[in-house]
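Summary of the model geometry
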Amino acid sequence: MTERVSGIAASDGIAVAKAYLLIEPDLSFKKETISDTNAEKERFTTAIEKAIGELQAIRAKAAESLGEEAQVFDAHIMVLSDPEMIGTIENAIENDKKNAETALQEATDMFIGMFESMEDNPYMQERAADIRDVRKRVLSHLLGVKLPDPASIDEEVIIVAKDLTPSDTAQLNKQYVKAFVTDIGGRTSHSAIMARSLEIPAIVGTNSITEKVAEGDLLIVDGMEGTVLIHPEETDISAYEKKAQAFASQKEEWQRLINEKTVTKDGVHVELAANIGTPKDLEGALGNGAEAIGLYRTEFLYMDSAELPTEEEQYNAYKEVLEGMEGKPVVVRTMDIGGDKELPYLELPEEMNPFLGYRAIRVSLDKDEIFRTQLRALLRASVHGPLRIMFPMIATLQEFREAKAVFEEEKEKLTGEGVKVADDIQVGIMIEIPAAAVLADQFAKEVDFFSIGTNDLIQYTMAADRMNERVSYLYQPYNPSILRLIKFVIDSAHKEGKWAGMCGEMAGDQTAVPILLGMGLDEFSMSATSILKTRSLLSELTTDDMKELAEKAVTECQTAEEVVGLVERSLNKTT
Ligand code: PEP
Ligand code: MG
């Protein structure tokens, strides 16, 4: 029987494939005393051999797709062949009559503890992590439990998981992973945002998908509606195939607008920009007709590496993006680590409320050296194209002034060293904390531009965690309270002759776009895949009508639903 599960539609598209469960398995075991030590040692040796065989196979496959990064598996094989470690475990079985699981756990705990105590030695820290990984693999063989292994996927699948971290998502191979569905998460969690740039259909926040789906079950994922069909009938499959074809031809239709400028029906130009996470995303941005990069999330540079990226590495990445955009503006956001984006090697403390904690500009101003390195790399790259820099999570004017002062100091140092730096770099801020939105008139006197980060601005204004599906009903971009804040920010920028953009997901939301146009938003920055449909929508709108619509939305509407109704009526009149 077909079962339907609903969740939050996170990334458009339709996929039909078998489920691949990416779930941490239960590796718990009992501590036991054994009598037949030889049989236990043999059980242990077989588990080791199986683990090595598995690692060799993964390594061979990873070498094709990952290149040098595949070496991590060599390190794992070495751990399993280490006579000191194996000897310690076998002795514990032989002499202390411990079962293999207990002997393995205790010996590996000892080695991990030893390596981790060498705090200043990143090499030893990595060895400790290797042992942890390898232990999991051997335990899975001892217990007969299957470990999920996304790197070994070699057929089309739909990933089913409790949650996916941004780094899990970055590792998904688009060739085989046709969609993903998770129990938790919201539309603006970073794995959802990444799914949109990878153009993989995704549904998050289903609550229960991992309980309902078994490995290999056939699924249909409808990323537009947010529905998953488990064990679909033939008729469902053909209905969804039709829908997929309609979606593909709609995309083809939009594709015709790729080289067009974005203009409204009455000829007003607005800028449609793309959000990117790495230079690799440039292809998608340009392939979808981006007129600028409105948000380059540089934290992925830090997350993709085992240690802090050097000034040179950063310079090369920024240069690649600026050159790739061939003279079109690029807004680079300084590192926004924290929240759902972790950086293991920075060892940030565990926090009760990571989204309200030590993140973004707060880390940059505190860890001054990291910030200066990033700014130097940016300043050096500024000669390769029109660069705009913005600081994330600014709450107070003091924070902006402090950050700007560091920028000026580094600029002066570099010019003093004879390094060429552009003299027209704009420096702005993200407006994503209500305190900054409310004080936008003051900020506007000092910054060059605003970029409104609605993903965070909405969660902080509504006090509703953007990652928590249980409060996702409060993620209300059209709530008049949010609209009033946005309007005030845009008006404040314009009063001081500055521009205002938006790089939160709301900028590509088809219900919000007409209102934002009416409010005079200058730049809309979004997931690349939303650009062409937004260009198409804008070409049907008239600015005067939308001004009237926006005015009504903020002055007359009381609820988000009323705003949606107002926009729908207005669009029906227009189109
Ligand atoms: C935002 O908060 O709207 C934003 C664009 O930043 P991020 O999603 O990376 O927090
Ligand atoms: Mg943000």
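Residues numbered from 1 in each chain as written. Chains lettered and ligands numbered in written order. Predicted model: local features only at pLDDT ≥ 70, side-chain atom pairs only at ≥ 80, totals over all residues. Heavy atoms only, no water.

Details of the overall build of the protein chain
Check the secondary structure of the protein chain and you find 23 helices and 16 strands. Its C-alpha atoms give the protein chain a radius of gyration of 26 Å, within 12% of the compact-globule value 25 Å for 575 residues. Expressed as lengths along the three principal axes of its C-alpha atoms, the size of the protein chain is roughly 85 × 70 × 40 Å. Looking at the protein chain alone, contacts between residues at least 24 apart form 69% of all its contacts between residues at least 6 apart. As displayed, the protein chain offers around 26,000 Å² of accessible surface, 49% of which is attributable to carbon and sulfur atoms. Each charge class in the protein chain can be summarised by its mean position, and for the 60 positive and 102 negative side chains these summaries are 3 Å apart. (Helix = DSSP H or I, 4+ residues; strand = E, 2+ residues; numbered from the N terminus. Rg over C-alpha atoms; globule rule 2.2 N^0.38 Å. Contact = heavy atoms within 4.5 Å. Areas by Shrake-Rupley, 256 points an atom, 1.4 Å probe, with all protein chains shown as cover. Lys, Arg positive; Asp, Glu negative; His and termini not counted. Charge placed at Lys NZ, Arg CZ, Asp CG, Glu CD.)

Things to note about the coordination of the magnesium ion (ligand 2)
Note on the magnesium ion (ligand 2): its protein donors are E432 (OE) and D456 (OD). The metal-donor distances range over 2.0 to 2.1 Å. Residue E432 is found in the loop between β13 (426-431) and α16 (434-438), and its partner D456 is found in helix α18 (residues 454-462); the two are separated by 24 residues along the sequence. You'll find E432 and D456 in the same group, each marked buried. (Donors = N, O, S within 2.8 Å, 3.2 Å for Na, K, Ca; no water. Buried < 20%, exposed > 50% of the residue type's maximum accessible area, 1.4 Å probe, protein only.)

Here we look at the site of ligand 1
The immediate surroundings of ligand 1 are formed by 16 residues, with R297, R333, G453, N455 and R466 found nearest. With the chains in place, 100% of the 290 Å² that ligand 1 exposes on its own is no longer accessible. Elements with a minimum of two residues in the shell around ligand 1: β10 (292-297) and α18. Looking at the shell around ligand 1, the element that brings in the most residues is α18, giving three residues. Its residues placed into classes, the shell around ligand 1 shows three nonpolar, five polar and eight charged. (Near = heavy atom within 4 Å. Nonpolar A, V, L, I, M, F, W, Y, C, P; charged D, E, K, R; others polar.)

Remarks on the sheet that holds β10
The strands that make up a sheet pair up through hydrogen bonds in the backbone, lying either parallel or antiparallel. Pairing in this closed barrel of eight strands is parallel, and the strands run β9-β10-β11-β12-β13-β14-β15-β16 around the ring. In this sheet, adjacent strand axes meet at a mean angle of 25 degrees when their direction is disregarded. The sheet contact formed by strand β12 (residues 387-391) and β13 spans four bridges and is parallel. The partner of I389 across the bridge, within β13, is V427. (Pairing = 2+ DSSP bridges. Axes fitted to C-alpha atoms, helices over the stretch in contact; angles between N-to-C directions.)

Section: helix α7 (residues 190-198)
Where burial is concerned, most of α7 is hidden: seven out of the nine residues are buried. Considered for burial, the residues of α7 that qualify are H190, S191, A192, I193, M194, A195 and R196. A positive phi of about 55 degrees marks E199, the residue just after α7.

Concerning the pattern of salt bridges
In total, this model carries 38 salt bridges according to the counting rule given. With a shortest N-O distance of 3.5 Å, R256 and E253 are connected by a salt bridge. With a relative accessible area of 62%, R256 lands in the exposed category. The partly exposed category is assigned to E253, whose relative accessible area is 42%. Of the charged contacts, one joins R372 and D368 as a salt bridge, the two residues approaching to 3.0 Å between their closest N and O atoms. Within this pair, R372 and its partner D368 are both found in helix α14 (residues 368-381), separated by four residues, close to a single helical turn. Using a relative accessible area of 14% as the deciding quantity, one classes R372 as buried. Relative accessible area serves as the criterion here: at 27%, D368 is assigned to the partly exposed category. (Salt bridge = Lys/Arg side-chain N within 4 Å of Asp/Glu carboxyl O.)

Notes on the sheet that holds strand β8 (residues 227-230)
Pairing is mixed in the open sheet, where eight strands are placed in the order β1-β8-β7-β3-β4-β5-β6-β2. The outermost strands of the open sheet, each flanked by one partner alone, are β1 (3-6) and β2 (8-11). Strand after strand, the sheet turns through a mean of 30 degrees between neighbouring axes, direction not considered. As paired elements, strand β4 (residues 157-161) and strand β5 (residues 177-182) share five bridges and run parallel to each other. For V157, the partnering residue across the bridge sits in β5 and is V177. The strands that α7 touches are β2, β5 and β6 (202-204); relative to β2, the one it contacts most, it runs at about 50 degrees. In this fold helix α9 (residues 234-255) packs onto β1, β3 (14-22), β7 (218-222) and β8, with an angle of close to 35 degrees to the strand it touches most, β7.

Remarks on the packing of helix α20 (residues 512-519) against helix α22 (residues 543-555)
α22 packs onto α20 with a crossing angle of 100 degrees between their chain directions and a minimal axis gap of 7 Å. Relative to α22, the element α20 lies roughly perpendicular. Taken together, the residues of α22 that come into contact with α20 (itself represented by P514, I515, L517, G518 and M519) are T543, M546, K547, L549, A550 and V554. Tallied by class, the residues present in the contact of α20 with α22 amount to eight nonpolar, two polar and one charged. (Parallel < 35°, antiparallel > 145°, perpendicular 65-115°, else oblique.)

Observations concerning the packing of aromatic side chains
By the definition in use, this model includes four aromatic pairs. Geometrically, the ring pair formed by F371 and F391 is edge-to-face, given 5.9 Å between the ring centres and 65 degrees between the ring planes. Pair noted here: F371 is in helix α14 and F391 is in strand β12, with a separation of 20 residues, a long-range link. Judged by centre distance (6.1 Å) and plane angle (55 degrees), the rings of F391 and F400 are tilted. In this structure, F391 and F400 share a single accessibility class: buried. Here the aromatic cluster, defined as three or more aromatic residues joined through ring pairs, consists of F371, F391 and F400. Of note, R380 hangs over the ring of Y315, and the distance from its end group to the ring centre comes to 4.3 Å. (Phe/Tyr/Trp six-rings, centres within 6.5 Å; stacked < 30°, edge-to-face > 60°. Lys NZ or Arg CZ within 6 Å of the ring centre and 35° of its normal.)

Let's talk about the domain arrangement of the protein chain
As assigned here, the protein chain comprises domain 1 (3-24 + 150-251), domain 2 (37-143) and domain 3 (256-574). Relative to domain 3, the C-alpha centre of domain 1 lies at a distance of 27 Å. Listed per partner, the contact involves 17 residues of domain 1 and 16 residues of domain 3. Taken together, both faces of the contact between domain 1 and domain 3 bury some 1,500 Å²; the carbon and sulfur share is 54%. Considering only the side of domain 1, the residues that lose the most area to domain 3 are T188, H190 and R196, jointly responsible for 36% of the buried surface there. Across the salt bridge formed by K533 and D12, the nearest N and O atoms sit 3.1 Å from each other. Sorting elements by how many residues they give to the side of domain 1 that touches domain 3 places α7 first, with four residues. (Domains from an automatic or database assignment. Buried area = accessible area lost by both parts, 1.4 Å probe.)

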